[in-house]
Amino acid sequence: MDKEELKKAIYQLIEQSAGKKKYKQADVIKHFRQQGIPDAETKAAIRELVDAGDLIYTYFGGSYLELGEKRKGA
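These remarks concern the structure in this document. (Residues numbered from 1 in each chain as written. Predicted model: local features only at pLDDT ≥ 70, side-chain atom pairs only at ≥ 80, totals over all residues. Heavy atoms only, no water.)

1. What about the overall build of the protein chain?
Piece 1. Counting secondary structure elements, the protein chain contains 3 helices and 2 strands.
Piece 2. For the protein chain, the α and β elements follow one another from N to C terminus as α-α-α-β-β.
Piece 3. Expected size for 74 residues packed as a compact globule is a radius of gyration near 11 Å; at 12 Å, the protein chain falls within 12% of this value.
Piece 4. If you line up the protein chain on its principal axes, its C-alpha atoms span 35 × 30 × 20 Å.
Piece 5. Taking all 74 residues of the protein chain together, 31% fall into the buried category. (Helix = DSSP H or I, 4+ residues; strand = E, 2+ residues; numbered from the N terminus. Rg over C-alpha atoms; globule rule 2.2 N^0.38 Å. Buried < 20%, exposed > 50% of the residue type's maximum accessible area, 1.4 Å probe, protein only.)

2. Structural notes on helix 3 (residues 39-51)
Piece 1. Between its first and last C-alpha, helix 3 extends 18 Å over 13 residues, near the 18 Å set by a 1.5 Å rise per residue.
Piece 2. Residues T42, A44, A45, I46 and L49 constitute the buried set of helix 3.
Piece 3. Buried residues in helix 3 make contact with helix 1 (3-17), helix 2 (25-33), strand 1 (55-59) and strand 2 (63-67). (Expected span 1.5 Å × (residues − 1). Contact = heavy atoms within 4.5 Å.)

3. Here we look at the environment of A9
Piece 1. Tracing the backbone shows A9 in helix 1.
Piece 2. Taking the C-alpha atoms as reference points, A9 and A45, 36 residues apart in sequence, are found 10.0 Å from one another.
Piece 3. Apart from the residues within four sequence positions on either side, A9 is in contact with M1 and F32.

4. Observations regarding the pairing of strand 2
Piece 1. For strand 1 and strand 2, the ladder comprises 5 bridges, and the chain directions are antiparallel. Of the residues in strand 2, the one forming a bridge with Y57 is L65. (Pairing = 2+ DSSP bridges.)

5. Quick look at the pattern of salt bridges
Piece 1. Under the definition given, this model contains 5 salt bridges.
Piece 2. E66 is paired through a salt bridge with K22; the nearest N and O atoms lie 2.8 Å apart. Of this pair, E66 sits in strand 2 while K22 sits in the loop between helix 1 and helix 2, placing them 44 residues apart in sequence.
Piece 3. Classification of K22 by relative accessible area gives partly exposed; the value is 39%.
Piece 4. Three or more residues are tied together by salt bridges with common partners; here these are K3, E4, K7 and E48. (Salt bridge = Lys/Arg side-chain N within 4 Å of Asp/Glu carboxyl O.)

Limitation: the analysis is restricted to geometry and does not speak to function.
This is the structure:
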């Protein structure tokens, strides 16, 4: 799986669980580890999604990944 496919898969995982389940970064890493994706690649893809504003970290007794607002043209 290339980086763009991985980013889409992570985004879809978070999007599909919105309002039902909150994922911690470690949960996402474990999910993709089971599919044979190295932890470092998953972490890098999450970082890119957060930097782009596609995902955000929220804090409720721990940090969770949730859908973010995409940045509107700078």
